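Structural overview for review
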Amino acid sequence: MQNDPTPPRFYEPGQYRPDDSIGYLMKKVISSILARADSRLSCCDLTYAQWLPLYKLVMKEGQTMAGVARDLEMDPGAVTRALDRLEAKGLVRRERSTEDRRVVNLVLTDEGQAVAAQVPAVLAEVLNGHLAGFTEAEWRQLLNFLQRMLANGEAMRAVQNTKE
């Protein structure tokens, strides 16, 4: 969308092949990253559905379940199940807000903090492994491309929302 109301026509319906689809390839890369991260975090008895909200809580302590689900763009039911498991493992606890009794905040336990502290190193290792052979300039360019695609998607969503 980048200041051009007419998007390019890189893909045509009759010539579309999933193996050349940016969306398909990004999905495959994400699946590979998550599978490798899950494998590496299995030592902490964590799955993707668990380590992601756990790490999110490190970044923004005292969030609610709804806030975590919204931030992660995940189904609230799935987040609730993950948080139930994290709570059963003693990594997270729920605390009722002192300002509003209807609000339940999520707080990492000391053990949760320790486990969550391992996540960045694992993610850095996994991402660096997926970027093997890239130069720093290529990595920065890839980040820029992905940020531009995200901005284009958000712009398309904003246009769609104004039409509704």
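Residues numbered from 1 in each chain as written. Predicted model: local features only at pLDDT ≥ 70, side-chain atom pairs only at ≥ 80, totals over all residues. Heavy atoms only, no water.

**Brief notes about the pattern of salt bridges**
Close approach of charged atoms allows side chains with opposite charge to pair. The tally for this structure, following the rule as stated, stands at 10 salt bridges. Salt-bridge contacts for Arg36 lead to Glu125; the nearest nitrogen and oxygen are separated by 3.9 Å. Of the two residues, Arg36 sits in helix 1 (residues 22-41) while Glu125 sits in helix 6 (residues 119-130), which places them 89 residues apart along the sequence. Notably, a salt bridge pairs Glu125 with Arg40, separated by 2.8 Å at the nearest N-O pair. Of the two residues, Glu125 sits in helix 6 while Arg40 sits in helix 1, which places them 85 residues apart along the sequence. Since its relative accessible area comes to 36%, Glu125 is described here as partly exposed. For Arg40, a relative accessible area of 27% puts it in the partly exposed group. Counted as one network, the salt bridges with shared partners bring together Arg36, Arg40 and Glu125. (Salt bridge = Lys/Arg side-chain N within 4 Å of Asp/Glu carboxyl O. Helix = DSSP H or I, 4+ residues; strand = E, 2+ residues; numbered from the N terminus. Buried < 20%, exposed > 50% of the residue type's maximum accessible area, 1.4 Å probe, protein only.)

**Observations regarding the packing of helix 2 (residues 48-59) against helix 4 (residues 76-88)**
At their nearest, the axes of helix 2 and helix 4 sit 9 Å apart, and the two run at 80° to each other. By the criterion of interaxial angle, the relationship of helix 2 to helix 4 is roughly perpendicular. Packed against helix 2, whose contacting residues are Ala49, Gln50, Pro53, Leu54 and Leu57, the element helix 4 presents Ala82, Leu83, Arg85 and Leu86 at the interface. When its residues are assigned to classes, the contact of helix 2 with helix 4 shows seven nonpolar, one polar and one charged. (Axes fitted to C-alpha atoms, helices over the stretch in contact; angles between N-to-C directions. Parallel < 35°, antiparallel > 145°, perpendicular 65-115°, else oblique. Contact = heavy atoms within 4.5 Å. Nonpolar A, V, L, I, M, F, W, Y, C, P; charged D, E, K, R; others polar.)

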